[in-house]
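Residue-level listing of the chains:
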Amino acid sequence: MTHSPRSSRAGGTLGQACAVAHPNIALVKYWGKKDGGGNRPAVGSISMTLNGMATQTCVRFTGSGGDDRIRLGGAEADANTHRRVRALLDRLRRYVPDAGAAEVESVNDFPTGAGLASSASGFAALLVAAEAALGLRLSEDERSCLAREASGSAPRSLYGGFVEMSTGQSPDGSDAVARPLLPPADWPLHVVVAVIREEEKEIGSGEGMRRSFATSPYAAAWVSSHPADLVEAREAIRHHDFSRLAAVSEASCLKMHALAMSARPGLLYWRGATVEALHEIVALRRGGHEVFFTVDAGPQVKAVCTSEALAAVRERLLSIAGVRRLIVCRLGEGARLLAPEEPCAGGRDVRRKVNQ
Ligand code: 2P0
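Here we summarise the structure given alongside this text. Numbers given for residues are sequential positions, taken from 1 along each chain in its written order. Two thresholds apply to this predicted model, a pLDDT of at least 70 for residue-level local features and 80 or more for giving and counting side-chain atom pairs, whereas whole-chain, interface and lining totals are computed over all residues. Here the side-chain values reflect all heavy atoms present in the structure, with hydrogen atoms and water set aside.

Moving on to the overall build of the protein. Strands are runs of DSSP state E lasting at least 2 residues, helices are runs of H or I lasting at least 4, and numbering of each runs from the N terminus. Secondary structure assignment for the protein yields 9 helices and 16 strands. Put simply, the radius of gyration uses C-alpha atoms, and a globule should come to 2.2 Å times the residue count raised to 0.38. The globule rule puts the C-alpha radius of gyration for 356 residues at 21 Å, and the 20 Å found for the protein is close to it. With the C-alpha coordinates of the protein rotated into their principal frame, the extents come out at 60 × 40 × 40 Å. For every residue, the accessible area obtained with a 1.4 Å probe (protein chains only) is divided by the maximum for its type, and the residue is called buried under 20%, exposed over 50%, and partly exposed between those limits. Of all 356 residues assigned to the protein, the portion counted as buried reaches 54%. Of the contacts made within the protein by residues no fewer than 6 positions apart, 77% connect residues no fewer than 24 positions apart. Two residues qualify as a contact provided that any one of their heavy atoms is within 4.5 Å of a heavy atom in the partner residue.

What follows is the structure in structure tokens.
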């Protein structure tokens, strides 16, 4: 993709910046990539950005050579994460060739790599912080594209509330971007995350998608039936139609997992408590509570509900053996820079160096 000529250097000296971003959960799921590079999604998606979990990331460019130093949760990043972070930094450094090596510190206040969209919030926060640290001013679409190349779900965390990510038509991916659909305050829903296992999953989403598309007999049907789900969800969100959103979201979730399970070898992200939680949520809805489920590439179950249903949902999910704890969220805001005086869990060392 091309980033110029709209990008511009905002001026000033190279510096450091910190940003916060929240994970998002997809109601109409992204699963699968287009051939030809650029990490373009094979299908569009619609998500909710959540406020109860956050990634905080600080980036500092040193102006001198050497390798990037990348720390996640206080420890050196593993080789795969290091490679992905460096790839995004390299794309940004094309604008500022004298930026030098970066120091990155990032902290999640929720389990990492366990189906809770840590790559979405992580890469959204990294992009916003690095852009500011380099003094760049990217367009919204450029920001979306850079986030997407790092992680397909990350552009959705750039915005708050309900967000749609497009698969785009252009071969260069320049229109595979995220757009906000509805601000968080417009529909005050809750999301209760039932944490079932905090360990990192064995098969990451990227590998799961590749395997599903390479081997499942259902991949073509997933792609061809997807646009109707997007239309349905968009309409439900526009009209604040809870039961319509519930129906299309649960259908998209189960369809995605059916696709993953039908890969060879099959991908089974669920544990026993996952299935129990799905049954309990359906039973609550039959009992008159406004609640529906979604599950991502991990065992955790997310229950989307109204304020009226919240107490019953919490009680019922906590009663399931195998549910370790709940994280209760509302719709959250998009990624943003932290002001210098705001505390940043991800940037203690980076900030200390700058202030010395
Ligand atoms: C989603 N997931 O729409 C779907 C549902 C997981 C299940 O987007 O390879 O980590 O970095 O583009 O963004 C997780 O996929 O994948 C994801 P990459 P990503 O939320």
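Using a grid of 1 Å spacing that covers the protein atoms alone, one calls a set of points a cavity when a 1.4 Å probe fits there but cannot get out, and a pocket when the set is open and has protein on both sides within 12 Å along at least five of seven lines; lining residues are those with an atom within 4 Å of a point. Grid points are joined across faces, edges and corners, and a volume is the space filled by probe spheres set on the points. As a volume, the second largest pocket reaches approximately 310 Å³. If you go around the second largest pocket, you meet 14 residues; those closest to its centre are Lys201, Glu202, Leu268, Tyr269 and Arg271. Per-class residue counts for the lining of the second largest pocket are 6 nonpolar, 2 polar and 6 charged. Lys, Arg, Asp and Glu make up the charged group, whereas Ala, Val, Leu, Ile, Met, Phe, Trp, Tyr, Cys and Pro make up the nonpolar group; the residues left over, Gly among them, are polar.

Attention now moves to the pattern of salt bridges. Between side chains of opposite charge, a pair can form as their charged atoms come close. Put simply, a salt bridge is a Lys or Arg side-chain nitrogen that is within 4 Å of an Asp or Glu carboxyl oxygen. This structure, assessed with the given rule, holds 22 salt bridges. Between Asp90 and Arg93 there is a salt bridge, with its nearest N and O atoms 2.7 Å apart. Separated by 3 residues within a single helix, Asp90 and Arg93 lie in helix α1 (residues 79-93), roughly one turn from each other. We note a salt bridge from Lys302 to Asp296, for which the minimum N-O separation is 2.9 Å. Judged by relative accessible area, which is 1%, Lys302 ranks as buried. Residue Asp296 is classed as buried on the basis of its relative accessible area of 15%. Beyond isolated ion pairs, a larger network of salt bridges with shared partners links Lys29, Asp296 and Lys302.

So, on to the sheet that holds strand β13 (residues 291-295). Pairing within the open sheet is antiparallel, and its 4 strands lie in the order β13-β14-β12-β15. Looking along the sheet, the strands with just one partner apiece sit at the ends: β13 and β15 (325-330). Each neighbouring strand pair of the sheet contributes to a mean axis angle of 25°, computed without reference to strand direction. Should DSSP find at least two bridges between two strands, the strands are taken to pair. The pairing of strand β12 (residues 190-195) with β15 spans 6 bridges and is classified as antiparallel. Counterpart to Val191 in the pairing with β15 is Cys329. Against the sheet, helix α6 (residues 242-261) contacts β13 and β14 (301-305), and its axis sits at roughly 25° relative to β13. Orientation is described by lines fitted to C-alpha atoms, with helices fitted over the stretch in contact, and by angles between N-to-C directions that extend from 0 to 180 degrees.

Our focus in this paragraph is the packing of aromatic side chains. Where two aromatic rings form a pair, the distance of their centres and the angle of their planes describe that pair. Working definition: a ring pair exists when centres of Phe, Tyr or Trp rings (six-membered ring for Trp) sit within 6.5 Å. Plane angles under 30 degrees give stacked, over 60 give edge-to-face, the rest tilted. Overall, the coordinates contain 3 aromatic pairs when judged by the stated rule. With a centroid separation of 6.2 Å and 85° between ring planes, the pair formed by Trp31 and Tyr269 is classed as edge-to-face. In this pair, Trp31 sits in the loop between β3 (24-28) and β4 (45-49) while Tyr269 sits in the loop between α6 and α7 (272-286), placing the two residues 238 residues apart along the sequence. Accessibility expressed as a relative area gives 2% for Trp31, which makes it buried. Relative accessible area serves as the criterion here: at 8%, Tyr269 is assigned to the buried category.

As a further point, take the pairing of β14. With respect to burial, β14 is a largely interior element, 5 of its 5 residues being buried. The alternating pattern of β14 places Val301, Ala303 and Cys305 on one face and Lys302 and Val304 on the opposite face, and all of these are buried. One ladder, built from 5 bridges, connects β12 with β14; its direction is antiparallel. Across the sheet, residue Ala194 finds its bridge partner in β14, namely Val301. Bridging between β13 and β14 involves 5 bridges; their strand directions are antiparallel.

Note that all results are geometric; they support no functional claim without further evidence.
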